[in-house]
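Here is what each chain is made of, one letter per residue.
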Amino acid sequence: MKPTIRMLSLGELADLIDWAAAEGWNPGLDDAAMFQAADPKGFIGAFAGSEMVAGISAVAYGHDFGFVGLYICRPDMRGKGYGKAVWTAGMNRLAGCTIGLDGVEEQRANYESKGFRPAYETIRYSGRPVALTVGTKRSRMVTTQLAPDIMRYDALCFPASRHSFLQRWLQPPHRALAAIRPGGTAGYAVARSCHNGFKIGPLFADDTRTALDLLEDMAGACEGGDLHIDVPASKVDFVAALEAAGFSPIFTTTRMYKGAPPRLDANRIFGVTTLELG
């Protein structure tokens, strides 16, 4: 049966995220509404009759950059071409953009065959930190007044403006903290409740010490459960501090791009925002 391809409603996006939970991806409890704010038309499903059988996120950030994720075919419907159909729809939607994704090792060759090229490795670390830093913390809760500064800082670390997304991502029930220095914003972090513990993302900061301060303050704000963060493997000092504090590596992914790699300040990226949206 040839599937019907169409945009997902908020409820259908929530169903797709439930599939992600069943796959063991540990999504956030409020991800559907938060994700939809990034690009309401960026979530696509394949339907056999009235039943969704596959889905993908193909989120456009402006006209030049997009990101794909949440690429899932229902287990009982695999091998019938539904996954390919929804993948093609996602790629068509982002045609002309540089497209990013975070792929697991076993899919890397598949994505390379589709024109994606590796940029860097990311390691998922999980744990409950013992002590990361010593000293007076300067993190502040992100308020409406601070949000414009956070968005300007985010633009240093992300390939495109994502104002609509951050307007939701920085708000409760998420926890958002900013590192404020005499010269202005030096970093920020967001935590969201997940099926298991909390995911930290993004974690952007001027330097390792600031990143660790933000992470320790965030640990104090997130009571109960492990913290999970996706860290670029190049952050060797930060990784060493995480491991010393009791975090363990869980799995790796590869950030890949189809098209010209975007320009951003990779030195400030200590934790990616999400593996689904970039």
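The rules behind these values
Residues numbered from 1 in each chain as written. Predicted model: local features only at pLDDT ≥ 70, side-chain atom pairs only at ≥ 80, totals over all residues. Heavy atoms only, no water. Helix = DSSP H or I, 4+ residues; strand = E, 2+ residues; numbered from the N terminus. Contact = heavy atoms within 4.5 Å. Buried < 20%, exposed > 50% of the residue type's maximum accessible area, 1.4 Å probe, protein only. Expected span 1.5 Å × (residues − 1). Polar contact = N/O pair within 3.5 Å; in protein donor to acceptor, adjacent residues only side chain to side chain. 1 Å grid on protein atoms, 1.4 Å probe; cavity = no way out; pocket = protein on both sides within 12 Å on 5 of 7 lines; lining within 4 Å. Points joined across faces, edges and corners; volume = space filled by probe spheres on them. Nonpolar A, V, L, I, M, F, W, Y, C, P; charged D, E, K, R; others polar.

*Asks:* Please clarify how the environment of Glu-276 should be interpreted in this entry.
*Replies:* With respect to the helices and strands, the residue Glu-276 is situated in the segment after strand 13 (269–271). For Glu-276, the residues in contact, after removing those within four places along its chain, are Phe-35, Ser-57, Phe-67, Val-68, Gly-69, Leu-70, Arg-192 and Lys-199.

*Asks:* I would appreciate a short explanation of the environment of Gln-36 in the present structure.
*Replies:* Note on placement: Gln-36 falls in helix 2 (residues 31–36). A residue is classified by how much of its surface remains accessible, and Gln-36, at 22% relative accessible area, is partly exposed. Along the sequence, Gln-36 and Ser-9 sit 27 residues apart, while their C-alpha atoms lie 9.2 Å from each other. Residues in contact with Gln-36, not counting those within four places in the same chain, are Leu-8, Ser-9, Leu-10, Leu-13, Asp-31 and Phe-43.

*Asks:* Just checking my understanding: could you explain helix 7 (residues 208–221) for this structure?
*Replies:* Because each turn of an α-helix spans 3.6 residues, side chains separated by three or four positions in sequence point in the same direction. In this model helix 7 runs 20 Å from its N-terminal to its C-terminal C-alpha over 14 residues, within 8% of the 20 Å that 1.5 Å per residue would give. Turning to helix 7, its buried residues are Thr-210, Ala-211, Leu-212, Asp-213, Leu-214, Leu-215, Asp-217, Met-218 and Ala-219. Its side-chain oxygen placed 3.4 Å from the backbone nitrogen of Arg-209, Asp-207 serves as the N-cap of helix 7.

*Asks:* Would you take a moment to explain empty space enclosed by the protein for this structure?
*Replies:* Summary: where empty space remains is shown by rolling a probe the size of a single water molecule over the atoms. Per the stated rule, a full pass over the model turns up one cavity of 30 Å³ or more. Considering only enclosed or pocket space, the largest cavity measures out at about 60 Å³ in volume. Lining the largest cavity are Arg-124, Arg-192, Lys-199, Ile-200, Gly-201, His-228, Asp-230, Val-272, Thr-273, Thr-274, Leu-275 and Glu-276. Elements represented by at least two residues in the lining of the largest cavity include exactly strand 10 (198–205) and strand 11 (227–232). Per-element accounting of the lining of the largest cavity gives the leading share, three residues, to strand 10. Considered class by class, the residues forming the lining of the largest cavity number three nonpolar, four polar and five charged.

Any functional reading would require information beyond the geometric quantities listed.
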